[in-house]
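Reading the structure
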Amino acid sequence: MGTLLEVQDLRVRFHTTEGVVHAVNGISYSMQEGETVALVGESGCGKSVSMMSILRLIPCPPGEVAEGRALFGQRDLLQLEEAELERIRGGQIGMVFQDPMTSLNPVLTIGRQITETLRAHTSSDGASARTRTLELLDMVGLPAAEERLQDYPHQFSGGMRQRAMIAMALACSPKLLIADEPTTALDVTIQAQIVELALQLRERLGMAIIWITHDLGVVAGLADRVLVMYAGYLVEEAPVLELFSRPWHPYTLSLLAALPRVDRPRSSRLKPIPGAPPNLLAEAHGCPFAPRCGFVMNRCRAENPPLVEIEAGRKLACWANVETGQPR
Amino acid sequence: MSVSADPLVRVEGLKKHFPIQRGVIIQRTVGHVRAVDGISFDIAPGETLGLVGESGCGKTTAGRTILGLYPPSGGEVWIEGVAVREAEGEAMRRLRRRTQMIFQDPYASLNPRWTVGSIVGEPLRVHQLRPRGSARTERVKELLALVGLSPRYVNRFPHEFSGGQRQRIGIARALASEPAFVVCDEPISALDVSIQAQIVNLLEDLQDRLGLTYLFIAHDLAMVRHLCDRVAVMYLGIMVELAGRDELYENPLHPYTQALLSAVPIPDPELDRRRRRTILSGDVPSPINTPSGCRFHPRCPIAKEQCARLVPEWRQVGPGHWVACHEVEPKTLPSV
Amino acid sequence: MDTAAGLTLPRLEELEAPPLSLAQLFWRRFRRHRMALAGAVTLALLTLYSLGGSLFLTEAFANFTQTALRLQAPSASHPFGTDTIGRDILARTIYGGQISLLIGLAAMLVELVIGVGVGALAGYYGKVIDSLLMRITEAWLNIPALFLLLIMAKSFGGRIPDVQLLGRSFSGSVVAIILIIGLTSWMYLARIVRAEFLSLKEQDFVLAARATGTSDLSIILQHILPNSVAPIVVAATLSVGNAILTESYISFLGLGVQPPTATWGNMLEGAHGYIEQAPWLWIFPGTLILLTVLSINFIGDGLRDALDPRSRAI
């Protein structure tokens, strides 16, 4: 299994009239073929922005990819010609977004949108595109696919639209599927259906998935590896079992402690993280989590810890050791 | 009905239907959205009752109708012994003082043109609880401090605050009239996870200090388990199950409750991947054309022939545990 | 500092500092619209011209006829020339400006009161009241404006007494024109206000006010109205320009303010028949009308951008 995607030192800024927003601050990671990586963080942490900027879907200006490379195969997505990039987007990389109503064209039928994608990226003619479309709709569990071809997005429910989006994303059998909060706006029973679908498709098609979310429960059920982001920085990277059983970054630790559990009786008060996420307009001094960290030391306020590999497969950006309470 | 000596809130057979109108010149009513179609429960003083369900189940409409913000289409609500539907004049004013609501959207629930001080002080003004001037300002500052905001913020505007802070402002406003009963309509859904816990703890603390009674409307089942004493599950306008907190989560009887609980992801990879999940087929149907018989029967994994014909009875099947399902047998009822 | 509830207060620095009041936000945005600023400056100058000019030339002079000097081209003694009966055009544009601007402003106020009143009640209460008020509004809209203007001008044109204001006597026909224009233009504002109210009354903060027990009148005036200020201000601003133009049309038909009182509009009417021979008769008042209405429109554009709550950039 080779390396599918390698992101190196990605930095993204936004130039607003209030100042420069440092949305992504030098994140680096790599992804193997066939694996499922969850990119986790709360609103404003940069998880969506980092992915969208890799795919060059951020308007620049006011956005700006200040630095970094995103190697897909051996090619840097950030440097490719627009035409070449368009071939990859939709072709080798499929995308599913949070709000299918705005990602699907409301004036085209579902059938038409999928066949168009097929014809743009593959050499299918009308008939084979239609066959493939029906196959896809069936694969994503949309009943009565023949009739669905003629439907418009507004005739679908939220869950169905998301399935249609997934069908579109999978049309050209991409190697990588990027899903940006695909179930956040869905009811929990529908979310379960979509997650189940994703698991089945992954089994069947062997594609790699990047799943962006803030919901640690969904992460637990889906991911092989987890990347935790905070204030535009990557603060922890670990295999999923490790992350949940032995979280190393104080933010990850606090986040898990702040979550109520549906499967356990209430034990005590929730332990919230005090304070609020930082203002991304301000220049960062030291670790961005320091003001809210229970393990903070003087060094944290002065120097921002770099992301280092502590063990095979586990990276951490922190000066403290949360298991002992001492400096690492 | 569930037993409580003198419940603070009593809801019986509450219905709220919205007419659907068609026609350009002359409007005809062609149908109804039966958002709430007959729910009944009591809430004891000091209790937190959770009302859960997915989109379209009617829980938000129920909360608003209970407070009389929408006139009911059927049924009755009594708050502190007063029938909400008939309250007028002085009784209505008292009702508005003794009940309050916290809203879901921290960005829409505060008037963007008003200062924080005016927003929080409005109930004081409307109910003449403090005369204008320093007495009112002092009380507003007290309320802000109570919810964890600096009193210096009285002259700021909502757009200067984060979502979590705005929710606190909304809570301070709700407390200003010293209510007994607060309907919390998804108060944390729009907030980041790390802030949700702050607000939930705040709500709990306030309940302890001020003796509040809550109706907590939510779709986050984990949070509801943490916060509520009893939980009612709604589906398509009706209640399908009601039980004490741990009883509902450990022994869910209605197939919808079971599916709902199994769909909630657990932040523990080993547990989450090991457990058996009931994945429901199909989508949540619309409250315009409700299915015949048991409303859940089209999606129910154990539906039988009679479920499509007969509406199941709402009955007690255990101590404090009520279900509406043909397939659930009541255990021998204890003497209540 | 800990509160009684045992929570740590968020630090003040967490608020995006410095706090900008809504007025400051508005001014910053308005400033960036150059045409709007140009319009504002121009309008200010025109107002200064009309008000300040009366310090130098009297109204009597504006109405002073000297038939011997009729139709004289601009010269040193009469910089804008003279009209068909020898009156100085410069002076007439000054006093005419006062009337035209007054008509614009006053008509706008009439429209504002009626339009906002009707729109707010229709939008807030809905159902029967809405239907009734909207049918009335539509009825007014569907009557051709010209007919309304003519009928109203005929019916009470001559019957309103003169008014004393700020040391100047205004003939009754000025009040009549103000009423006529106001009463025929409020419908547009009513629709806008109704639309705002219809959407705003569903907002959570309005529901919160109802849950608090706030009275309907309070909700309309203190909650919803302040939030609909943006489209109202824009519409009101544009209606000033519209009123000035309407006055010109009415005057051109001979139904407007009666001579000897000058308005820019009736000066245009006076140029009828001498368009080529004596262009100074219409160029000056015409240009003034043009500048005024253009400035107002640019200001309106700037206001629309500055007050738009959807734009998050400052």
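Residues numbered from 1 in each chain as written. Chains lettered and ligands numbered in written order. Predicted model: local features only at pLDDT ≥ 70, side-chain atom pairs only at ≥ 80, totals over all residues.

1. As for the overall build of chain C
Summing up its helical and strand segments, chain C has 12 helices and 2 strands in all. From first element to last, N terminus to C terminus, chain C shows the α and β order α-α-α-α-α-α-β-β-α-α-α-α-α-α. Taken over 314 residues, chain C has a buried fraction of 39%. Put simply, of all contacts in chain C between residues at least 6 apart along the chain, 70% involve residues at least 24 apart. (Helix = DSSP H or I, 4+ residues; strand = E, 2+ residues; numbered from the N terminus. Buried ≥ 20, exposed ≤ 12 C-beta atoms within 10 Å, placed from the backbone. Contact = placed C-beta atoms within 7 Å.)

2. Overview of the pairing of strand β8 (residues 208-213) of chain A
Residues and elements named next belong to chain A. Summarising burial for β8: 6 of the 6 residues are buried, a large majority. Of the two faces of β8, both are covered, the one formed by Ala208, Ile210 and Ile212 as well as the one formed by Ile209, Trp211 and Thr213. Sheet topology places strand β3 (residues 36-40) next to β8; 5 bridges connect them, and they run parallel. Directly across from Val40, in β8, lies its bridge partner Thr213. When strand β7 (residues 176-180) meets β8, the two strands line up parallel, connected through 5 bridges. (Pairing = 2+ DSSP bridges.)

3. Some details on the confidence of the model for chain C
Caution applies to low-pLDDT parts of the model: their predicted coordinates are not meant to be read in detail. All names here are of chain C. When pLDDT is averaged across chain C, the result is 82; 89% of the residues are at 70 or more. Every residue in residues 1-17 is under pLDDT 50, and counting partners more than four places away or in other chains gives 28 contacts. Across the interfaces of the predicted complex, the ipTM metric reaches 0.86, alongside a pTM of 0.85. (pLDDT = per-residue confidence, 0-100.)

4. Some words on the sheet that holds strand β11 (residues 314-318) of chain B
Residue and element names in this part refer to chain B. One open sheet holds the 8 strands; their spatial order is β6-β7-β8-β3-β9-β10-β12-β11, and the pairing between them is mixed. The open sheet terminates on both sides in strands that have one partner only, identified here as β6 (99-102) and β11. Adjacent strand axes in the sheet meet at a mean angle of 20°, parallel and antiparallel pairs treated alike. With 6 bridges connecting them, strand β9 (residues 230-235) and strand β10 (residues 238-244) associate as antiparallel partners. For Val231, the partnering residue across the bridge sits in β10 and is Ala243. Helix-sheet contacts for helix α5 (residues 163-175) involve β6 and β7 (181-185), and the interaxial angle to β6 is about 175°. (Axes fitted to C-alpha atoms, helices over the stretch in contact; angles between N-to-C directions.)

5. A look at the interface of chain A and chain B
In this assembly, 39 residues from chain A lie in contact with 39 residues from chain B. Going through the elements one at a time, α7 (158-170), α8 (188-205), α9 (216-222), α10 (240-245) and α11 (250-257) of chain A are the ones with two or more residues in the side of chain A that touches chain B. Top contributing element to the side of chain A that touches chain B by residue count: α8 of chain A, with 7 residues. Residue composition of the side of chain A that touches chain B, by class: 21 nonpolar, 9 polar and 9 charged. (Nonpolar A, V, L, I, M, F, W, Y, C, P; charged D, E, K, R; others polar.)

6. Structural notes on the pairing of β11 of chain B
Residue and element names in this part refer to chain B. Note that β11 and strand β12 (residues 321-324) share 4 bridges and pair antiparallel. Looking at β12, one finds that Arg315 is bridged to Val323. Here β11 folds back onto β12, and the loop between the two strands holds 2 residues, one of which, Gly320, carries a positive phi near 65°.

7. Some remarks on the sheet that holds strand β6 (residues 93-96) of chain A
Residue and element names in this part refer to chain A. One open sheet holds the 8 strands; their spatial order is β6-β7-β8-β3-β9-β10-β12-β11, and the pairing between them is mixed. Single-partner strands in this sheet number two, and they are β6 and β11 (308-311). Averaged over all adjacent pairs, the angle separating strand axes in this sheet is 20°, with direction ignored. Here β6 pairs with β7 via 4 bridges, running parallel. Residue pairing in the sheet places Val96 in a bridge with Ala179 of β7. Helix-sheet contacts for α7 involve β6 and β7, and the interaxial angle to β6 is about 170°.

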